[in-house]
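# Structure assessment
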Amino acid sequence: MTVLALAEHRRGNIRPVSYETVTAGRGLADALDTELHLAVIGGEVSEFAEDLNRDGVDTIHAVAAGEEFNHDIYTQVIESLATDLDPRVVLMPNSVNGLDYAPAVASRLSLPLITDVVGFDAGDTMTAIREMYGSKVETTIEIDADRFCVTIRPNEWPAAEGAGDAEIEEPDVEVDESRVGSTVTGFEEVGGGDVDISDADVLVSVGRGIEEEENIELIEELADALGATLSSSRPIVDAGWLPKNRQVGQSGKVVTPDIYLAIGISGAVQHVAGMKGADTIVAINTDPNAPIFDLADYGIVDDLFEVVPELTAQFS
Amino acid sequence: MKVLVTVKEVAEAADDFELAEGALDIDERYLEYDLNEWDEYAVEEGVEIAEESEDVEVVSVTIGPERSEETIRMALAKGVDRAIRVWDDTLEGTAFLDVEARASILEAVVAEEEPDLVLTGVQAADDGFGATGVALADAIDFEWAAVVNDLDLDTGDGTAHVHRELEGGVEELTDVSLPVVLSIQTGINEPRYASLRGIRQAQSKEIAPYGLDDLGLDAETTESTLSLTSMYEPETESDATVFEGSPEEEADQLAELFGEMGVVEG
Ligand SMILES: Cc1cc2nc3c(=O)[nH]c(=O)nc-3n(C[C@H](O)[C@H](O)[C@H](O)COP(=O)(O)OP(=O)(O)OC[C@H]3O[C@@H](n4cnc5c(N)ncnc54)[C@H](O)[C@@H]3O)c2cc1C
């Protein structure tokens, strides 16, 4: 019996969330009084295994199978490892690739699945904590099962640090190629262009609270008056109001300006992933419960359409 | 060809909301219902596929109470041909429908409709589980791709050429063989507004009601080892200094802060 955690890599590098699954996995393994096994699948697995050998891992399964992530291969390999190890928990990251294989793994193993977990409470019954309604509430989900699958939210657990002394195994896992119906043909970088918002010292960032395309001008004027750079949350880019290179967040740019002014942005987890490293965060939002205020150093709880013109006037 | 688009009516919480008594959900008075943002893009993608080729039928399916018909009609108004709504007393009495149960219900609908392509949203905005599409794909033995923000369907050679939007401005280019379930990411297209004509036409389009037993399922489908046991407002982690006063006074204080931080010289 084990906790089986999954590492993630892309284009030759281990992704940081892998070390977070080690920390979360170690916590669960301790609570369940069992070992933590970590699997890494595909790519330079021997090198990856060295890299992943951090404090708290008991065994690493380095499975050579393909180069990059492929959900069909991952699902088969994890199914095979799980059949051998009989894990109490299969712990996967709630990354974009996690979204692409975790539900299939749970389905294959006929195990319940809880996604995007932000905490565990291992009392008499195991309980997972997750958010709902755009982080406005938290919920607890009781798991009345001996075995289950979970995905954990990135950036919630600290990365495992110290060097470990895990046993490294390189098992041969047979992949049924007739069940591999997807092929990765390449990668593409998006969001290039003339502006690099990650270079800016001051970012004035606009979100869905702006309501209409023509209102963007209001924020542009403020950015100009402040000598700042304009950025945005995702819906603004989805709507085509600003180009992709202005998007802050998980699928956009990670920025670390001196000042990040979030205007009409709720602070969804995928947005926060891109700006939480800013030195000083200021939020203007009508909703006092907006999660952006959990991060903000300064805030104004008011209508942006009233506050922003006043602010611009101060600097013009 | 038939395209099945799964849709969900989701609730959004008002600024100042309260939890319902017993607190397994937000008090309904503070919830506003709408079509899930991600599903709007899935619907649009389905409708565009139908417009680009002949003989494509687009069917929407939802698991939801009668209230959700209004939302589903919006999908019909945008060009979906007909819809299926699964609900009954058993579902009404289920506080937490887990991924497996949702996939089982949709699996039964797929068995009935036999689509070639299933489009779902990446996630539902309210519970953010993000798992239904891929779980369904495995259950019905379709190929799949999650978080798709570009789709080029080649029915001739039975392949969907997709982009999967990864983290950090990188997209993965992937070929998946049909039949396939794709979970659609926002921004893949520009969802249209329903035209007046579309809204009128939607009135006469079918929303077929199904109960679990119509699908050959029963209460066992909804049983789960997972149960929602509490919902609460997390203790605020906020230590923000909030500027108070009129908008002008608030702006003054922020301007002063920016001045102190030396913002404007640059
Ligand atoms: C796989 C994946 C990747 C994603 N990647 C990203 C990403 O890279 N970047 C990103 O930003 N999002 C990303 N998202 C989307 C994310 O989940 C949110 O949907 C998005 O960040 C919401 O943007 P928003 O805050 O502008 O809009 P909303 O959440 O709608 O918030 C609008 C805010 O404006 C406020 N408001 C409204 N009117 C006013 C007014 N008059 N004055 C002041 N305030 C007002 C509201 O109170 C609300 O808080 C991703 C999602 C997924 C599933």
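### Digging into the overall build of chain A
The number of helices and strands found in chain A is nine helices and 18 strands. For the C-alpha atoms alone, the extent of chain A along its principal axes is close to 70 × 45 × 35 Å. Counting over 316 residues, chain A shows a buried share of 59%. Per element, the accessible surface of chain A, about 11,900 Å² overall, is 40% carbon and sulfur.

### Examining the overall build of chain B
Each helix and strand in chain B was counted, giving seven helices and 13 strands. Per-residue burial for chain B yields a buried fraction of 56% across its 266 residues. Here the analysis covers contacts within chain B between residues at least 6 apart in sequence; of these, 69% occur between residues at least 24 apart. Of the roughly 12,000 Å² that chain B leaves accessible, carbon and sulfur atoms contribute 42%. Charge-centre separation for chain B: the mean point of 14 positive side chains lies 11 Å from the mean point of 69 negative side chains.

### Brief notes about helix α7 (residues 247-260) of chain B
For α7(B), built from 14 residues, the straight-helix expectation of 20 Å at 1.5 Å per residue is met to within 8% by its first-to-last C-alpha distance of 20 Å. All buried positions along α7(B) are accounted for by B:Pro247, B:Glu250, B:Ala251, B:Leu254, B:Ala255, B:Leu257 and B:Phe258. Along the axis of α7(B), the buried positions cluster into a sector of 160°, meaning they face one direction only. What points out from α7(B), more than 90 degrees from its buried face, is the exposed set B:Glu256 and B:Glu260. In the core, the buried residues of α7(B) are packed alongside α5 (216-226), β16 (259-263), β17 (280-284), β18 (298-300) and α9 (304-315) of chain A. B:Gly262 sits one or two residues past α7(B) and shows a positive phi near 70°.

### Overview of the site of the ligand
A:Ser233, A:Ser251, A:Ser266, A:Gln270 and A:Asn285 are the nearest of the 28 residues found near the ligand. Close to the ligand, residues of chains A and B are found. One nitrogen or oxygen atom from the main chain of A:Gln250 is found 3.1 Å from an oxygen atom belonging to the ligand. A:Ser251 is positioned such that a nitrogen or oxygen atom in its side chain is 2.8 Å from a nitrogen atom of the ligand. Look at the ligand: alone it shows 990 Å² of surface, and the protein chains cover 87% of it.

### Quick word on the sheet that holds strand β12 (residues 167-169) of chain A
Residue and element names in this part refer to chain A. Within the open sheet, the seven strands sit side by side as β7-β11-β6-β1-β4-β5-β12. Their pairing is parallel. Unpaired on one side and paired on the other, β7 (113-117) and β12 mark the two borders of the sheet. The average angle at which neighbouring strand axes cross in this sheet is 20°, direction not considered. Note that strand β1 (residues 2-6) and strand β6 (residues 89-93) share three bridges and pair parallel. Each bridged residue has a counterpart across the sheet, and for Ala5 the counterpart in β6 is Leu91.

### Quick look at the domain arrangement of chain A
All names here are of chain A. Considered domain by domain, chain A is made up of domain 1 (2-179) and domain 2 (190-315). Here domain 1 and domain 2 have C-alpha centroids that lie 34 Å from each other. Contacts between the two partners involve six residues from domain 1 and, on the opposite side, seven residues from domain 2. Buried area between domain 1 and domain 2, both sides added, is near 460 Å², and the carbon and sulfur share of it is 55%. Counting every contact that joins domain 1 to domain 2 gives one salt bridge. For the pair domain 1 and domain 2, the number of links is one residue pair in polar contact (both at pLDDT 80 or more). Looking at the side of domain 1 that touches domain 2, its residues break down into one nonpolar, three polar and two charged.

### Notes on the pairing of strand β8 (residues 119-122) of chain A
Sheet topology note: the β8(A)/strand β9 (residues 126-132) of chain A ladder contains four bridges and is antiparallel. When the sheet's bridge partners are listed, A:Phe120 is paired in β9(A) with A:Ala128.

### What to know about the sheet that holds strand β10 (residues 180-184) of chain B
Taken together, the 10 strands give an open sheet; going across it, the order is β13(A)-β9(B)-β8(B)-β7(B)-β10(B)-β6(B)-β1(B)-β4(B)-β5(B)-β11(B), and neighbouring strands pair in mixed fashion. Each edge of the open sheet carries a strand with a single partner, namely β13 (182-189) of chain A together with β11 (207-210) of chain B. This sheet shows a mean twist of 30° between the axes of neighbouring strands, independent of strand direction. As defined by bridge partners, strand β1 (residues 2-6) of chain B adjoins strand β4 (residues 57-63) of chain B across five bridges and the pair is classed as parallel. Among the inter-strand pairings, B:Lys2 is bridged to a residue of β4(B), identified as B:Glu57. Across the sheet, helix α3 (residues 71-85) of chain A is in contact with β13 of chain A together with β7 (143-154) of chain B; its angle to β7(B) comes to roughly 155°. Taken strand by strand, helix α4 (residues 99-113) of chain B contacts β1, β4, β5 (82-86) and β11 of chain B, and its axis lies near 150° from that of β4(B).

### Details of the packing of aromatic side chains
Under the counting rule described, the total for this entry stands at seven aromatic pairs over all chains. When the ring of A:Phe69 is compared with that of A:Tyr74, the centres are 4.7 Å apart and the planes differ by 70°; the resulting orientation is edge-to-face. The two residues A:Phe69 and A:Tyr74 agree in class, both being buried. Measuring from centroid to centroid gives 6.1 Å for B:Phe96 and B:Phe129, while their planes differ by 55°, and the two rings are tilted. Separated by 33 residues along the polypeptide, B:Phe96 in the loop between α3 (89-92) and α4 and B:Phe129 in the loop between β6 (117-121) and α5 (132-140) bring together distant segments of the chain. There is no split in this pair, since B:Phe96 and B:Phe129 are both buried. An aromatic cluster is defined as three or more aromatic residues linked by ring pairs; in this entry it consists of A:Phe69, A:Tyr74 and A:Tyr101. Sitting over the ring of A:Tyr19, A:Arg54 keeps its end group 3.9 Å from the ring centre.

Reading the values: rules and limits
Residues numbered from 1 in each chain as written. Chains lettered and ligands numbered in written order. Predicted model: local features only at pLDDT ≥ 70, side-chain atom pairs only at ≥ 80, totals over all residues. Heavy atoms only, no water. Helix = DSSP H or I, 4+ residues; strand = E, 2+ residues; numbered from the N terminus. Buried < 20%, exposed > 50% of the residue type's maximum accessible area, 1.4 Å probe, protein only. Areas by Shrake-Rupley, 256 points an atom, 1.4 Å probe, with all protein chains shown as cover. Contact = heavy atoms within 4.5 Å. Lys, Arg positive; Asp, Glu negative; His and termini not counted. Charge placed at Lys NZ, Arg CZ, Asp CG, Glu CD. Expected span 1.5 Å × (residues − 1). Arc of directions from axis to C-beta. Near = heavy atom within 4 Å. Polar contact = N/O pair within 3.5 Å; in protein donor to acceptor, adjacent residues only side chain to side chain. Pairing = 2+ DSSP bridges. Axes fitted to C-alpha atoms, helices over the stretch in contact; angles between N-to-C directions. Domains from an automatic or database assignment. Buried area = accessible area lost by both parts, 1.4 Å probe. Salt bridge = Lys/Arg side-chain N within 4 Å of Asp/Glu carboxyl O. Nonpolar A, V, L, I, M, F, W, Y, C, P; charged D, E, K, R; others polar. Phe/Tyr/Trp six-rings, centres within 6.5 Å; stacked < 30°, edge-to-face > 60°. Lys NZ or Arg CZ within 6 Å of the ring centre and 35° of its normal.

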